[in-house]
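So the chains spell out like this:
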Amino acid sequence: MAESLPLEMLTYILSFLPLSDQKEASLVSRAWYCAAQNALRETNVRYNIPVSSASLLAIKSLGLRGISCISLTNLDSSPTSQLVLQSVAYHLGPHLQSLCLGGGNPTEASFVALILGCPALRTLDLSGCNSLFTSGTLLAQPEMAQRVRQALSGLRELNLACLRNLADLSFNQLSSCAPSLERLSLAYCHLTFELGPAQGSISPQDYSPSQLSFRNLLRFVKERAGKLRALDLSGTGLPPEALQSLGQVAGLQLQELSLHSCRDLSTEAVVTLCRQQPGLTSLDLSGCSELTDGALLAVSRGLQHLQHLSLGKLQRLTDAGCTALGGLRELQSLDMAECCLVSGRELAQALGSVHGAPPPLTSLRLAYCSSLKDASVLSLIPALGPSLRVLDLSSCVALSNQTLQAICTYHTHLSVLRLAWCKELCDWGLLGLEESSEKTALYPQVLQFPQLRQLSLSLLPALTDVGLVAVARGCPSLEHLVLSHCSHLTDEGWAQAAGSWPRLQHLNLSNCSQLTEQTLDTIRQACKQIRVLDVAMCPGINVVAVRRFQAQLPQVTCVQSRFVGGADLTLTL
């Protein structure tokens, strides 16, 4: 019946499936293959292409399918790399919209030739490509710069993070070739700050050939204020005065701002920012260690349309600040990891129904919040709406089986759950029991997450084969599973559990001391989609077994096996 459906309808249907299921569906028939490829293309899936002569045929094939989003790895100045770049420009260039060269070291000439062959680019990632900016002469020739400007006329997003050699001149030469830029990242670049009355006044002769100055960046922001919507200055050491100068630029209406690890920022600077840029929908203040509850209060009052907020590693943030979160009614993701003074009481009230309908949270991260207790989390869990898909409670060491059972009751639609080092959790929590019982078969299992894709249960000292089997039966769609340092798991448990995980791709079993090569055989037979396996520090698994496992599953790209059987070995394809 499905074979008779039009290609467009098949494509539409398959577009609702997870990526792994789309790949599986492509194997059913030729019609399903074509539909799955169309669905993959429409969702802008990024294809990671290693730079080697073996990739040339794949690049040609991707070109025939009209792939528009790729990432090149292991890129250097070798002839092979130049040949791959030429192939990308010829086969993919005309319809390529997103290109990532992050961490690569192409030559200036090969990079320019590639860009000239990609006139449809919307996103360009050059993070860590220091070789392009070492000489400072990239695009210094006016004629070549004009041609590149035409090719990049539609570029909307530019990532220049982690460039130690980026300077005013090279930044200006590149950014001038992207007149439509809306999103810019300079994260972890070395910015110099010269604060004073003359800040922002800069003439061409003042451009530095060796440093990237905030004064030059401010000039760029003033020129592009009408178009610039997202800015990432994480790790640049931005001081409060510089943030104020940035926020007050006439006509600037930022939607996204990332200031991760700008440790000199003050609460007063954030208060001012919220008045200057009230249209922000995404704000990352994680790692800004000087911020206090007042910053969160200002965010809640001033940024009414905020959807994504990151406050990780704010050691001065307390429950008092959390009360302000109730004002953010459009909040979709909240990251408060490593906020050690937050107990969760006011957080539960702020996100609950006391303020009306709860915000549409899809992601909540409270990892390493060591003050979280069962009482507050048990109030928080029911308050979170049905839209929640990601929940991270890693290393919340005081949480017990009651919390786990509440999660299983109210949030069965989770796709990511992390409970690593919640050391009080045990098998009975997974089974829905109040205490140990040998008659587990008489009780229904509480752990039912049919849509769960990622689960972390590492460092749970009380987890045994009974719990492992419960997880397998309740979470059949897992693709990423972390069980490192679960020392009670055995081959017998895996023999019962592995058959429930045909979609498993990434598996971490490091430091599982009772496992032997029998578990490797079980995984090889039951988990045909496995791509990455970590069995490091497993004394019962020897090097020969690891090599045999890799030989029998050629699709496996990486097996981490340090100190297996007393050896020091890492196998990587």
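The text that follows walks through the structure, step by step, so that each part is easy to find. Residue positions are given per chain, counted from 1 along the sequence in the order it is written. pLDDT decides what is reported in this predicted model: residues at 70 or higher carry local features, side-chain atom pairs at 80 or more are listed and counted, and totals for whole chains, interfaces and linings draw on all residues regardless. The basis for the side-chain values is all heavy atoms of the structure; hydrogens and waters are excluded.

Description of the overall build of the protein
Put simply, DSSP H or I for four residues or longer makes a helix, DSSP E for two residues or longer makes a strand, and each gets a number counted from the N terminus. Regarding its fold elements, the protein presents 21 helices and 22 strands. The quantity called the radius of gyration is restricted to C-alpha atoms. Its globule counterpart is 2.2 Å times the number of residues to the power 0.38. Since a compact globule built from 573 residues should have a radius of gyration of about 25 Å, the 26 Å found for the protein is in line with a globular shape. When the backbone C-alpha atoms are referred to their principal axes, the protein occupies close to 80 × 60 × 55 Å. Across the 573 residues in the protein, those meeting the buried criterion constitute 52%. When contacts within the protein are restricted to residue pairs at least 6 apart in sequence, long-range pairs at least 24 apart make up 76% of them. Here, Shrake-Rupley sampling with a 1.4 Å probe gives the accessible areas, and only protein chains in the shown set may cover a residue. In the form shown here, the protein has an accessible surface area of approximately 24,300 Å², with 53% of it arising from carbon and sulfur atoms. Partly exposed describes any residue whose relative accessible area lies between the buried limit of under 20% and the exposed limit of over 50%, with all areas from a 1.4 Å probe on protein chains only and scaled to the type maximum. Should any heavy atoms of two residues lie within 4.5 Å, those residues are counted as being in contact.

Points about the nonpolar core
Grouping buried Ala, Val, Leu, Ile, Met, Phe, Trp, Tyr and Cys residues that are joined through side-chain atoms within 4.5 Å yields what is termed a nonpolar core. In this structure, Leu160, Leu309 and Trp494 are the most contacted members of the largest nonpolar core, which totals 169 residues. Here the element with the most residues in this core is helix α9 (residues 214–223); it accounts for five residues. Excluding its chain neighbours within four sequence positions, the residues that come into contact with Leu309 are Leu283, Leu296, Val299, Leu325, Leu328, Leu331, Ser333, Leu334 and Asp335.

So, the environment of Glu182
Among the structural elements, Glu182 can be located in the loop between α8 (168–175) and β6 (183–185). Owing to a relative accessible area of 31%, Glu182 belongs among the partly exposed residues under this scheme. In this structure, the C-alpha to C-alpha distance between Glu182 and Leu75, residues 107 residues apart in sequence, is 27 Å. Those residues within four positions of Glu182 in sequence are excluded, and the remaining contacts are Arg156, Lys227, Leu228, Arg229 and Ala230.

Digging into the state of the cysteines
The bond known as a disulfide is covalent and runs between the sulfur atoms of two cysteines. By disulfide we mean two sulfur atoms from cysteines, separated by a distance within 2.5 Å. Under the counting rule described, the total for this entry stands at zero disulfides. Cys422 takes part in no disulfide bond, and the closest cysteine sulfur to it belongs to Cys396, at a distance of 5.6 Å. Classification of Cys422 as buried rests on a relative accessible area of 1%. For Cys512, which is in no disulfide, the shortest distance to another cysteine sulfur is to Cys538 and amounts to 5.5 Å.

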